[in-house]
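A closer look at the structure
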Amino acid sequence: MRKKIIAGNWKMNKTPMEALELVEQIKDKCNVSECDVVFCVPFIDLIPVIEKVKDTNISVGAQNMYFEDNGAYTGEISPKMLKESGVKYVILGHSERRQYFCETDETVNKKVKKAIEYGLIPIICVGETLEQREKGVTVDFINVQVKSALYNVSKEDAENIVIAYEPIWAIGTGKTATNAQAQEVCAEIRKTLSSIYDNETADKMRIQYGGSVNEKNAKDLFAMGDIDGGLVGGASLKAEFIDIVKSI
Ligand code: 13P
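To keep things clear, this report deals only with the structure shown in the data block.

What counts, and where the lines are drawn
Residues numbered from 1 in each chain as written. Predicted model: local features only at pLDDT ≥ 70, side-chain atom pairs only at ≥ 80, totals over all residues. Heavy atoms only, no water. Near = heavy atom within 4 Å. Polar contact = N/O pair within 3.5 Å; in protein donor to acceptor, adjacent residues only side chain to side chain. Nonpolar A, V, L, I, M, F, W, Y, C, P; charged D, E, K, R; others polar. Helix = DSSP H or I, 4+ residues; strand = E, 2+ residues; numbered from the N terminus. Buried < 20%, exposed > 50% of the residue type's maximum accessible area, 1.4 Å probe, protein only. Contact = heavy atoms within 4.5 Å.

Surveying the vicinity of the ligand reveals the residues Asn-9, Lys-11, His-94, Glu-166, Ala-170, Ile-171, Gly-172, Gly-211, Ser-212, Leu-231, Gly-233 and Gly-234. Gly-233 has a polar backbone atom sitting 2.9 Å from an oxygen atom of the ligand. One of the backbone N or O atoms of Gly-234 is found 2.8 Å from an oxygen atom in the ligand. Residues of the shell around the ligand, tallied by class, amount to three nonpolar, seven polar and two charged.

Structural data, given as structure tokens:
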């Protein structure tokens, strides 16, 4: 049985002071054992937030990292820095990074391998545009994203990886995928994982849905057979995140 995982992706929101206020407000109610809860916060908030949740079951994640250990890469953050700071998860290949910061399937794959080398758990984001959905190429496109991200990743390493299916048209738009649409693609992703590895590995890997998840739609989405939780944007910045966690 896969343990569900609810992660908040704060994106570029919350100063360190604001981050501490929000965490203070929600941490006790998010300190559950039924599912894994992760706060993926801006780099500058990582250390204060890690300190703040240290006596809870809550984990902290970063939203990106670079694929080198260290060196002359001005403005970048290495997996080694994240690991030493107490970060457990790292979101990789979010569609906003692909769209605005030239992230490609190749760089995502490099980052996935580097994150694993440092014992960080990647949350790999995949998802189609509205145009791709309308053309009927959603599954083909996502298969390429999944296979590229996991290229040369062993099945032992893959078991812990989380895949987040986030249709781009559902992100920040209030247009959540229906339960059936989200389940269909997550099931296809699991089939792809079986084809890359085997059924046993695919059954262990967690697949989240993301895109306008809120306290009203979370319960039904997370009840679908291949949806193992959610990656939550806007609704993770408010106290309603507690209700999303409680929906498990
Ligand atoms: P919203 O929940 O705001 O649609 O964002 C989803 C997302 O991009 C999470 O990574």
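Additional details are given in the paragraphs that follow.
As a further point, take the side chain of Gln-145. Turning to its location among the elements, Gln-145 is positioned in helix H7 (residues 138-149). When its relative accessible area of 3% is taken as the criterion, Gln-145 is described as buried. One polar contact links the side chain of Gln-145 to the main-chain amide nitrogen of Gly-127, over a distance of 2.9 Å. Sequence-distant contacts of Gln-145, that is, excluding residues within four places in its chain, are made with Arg-98, Asp-105, Val-126 and Gly-127.

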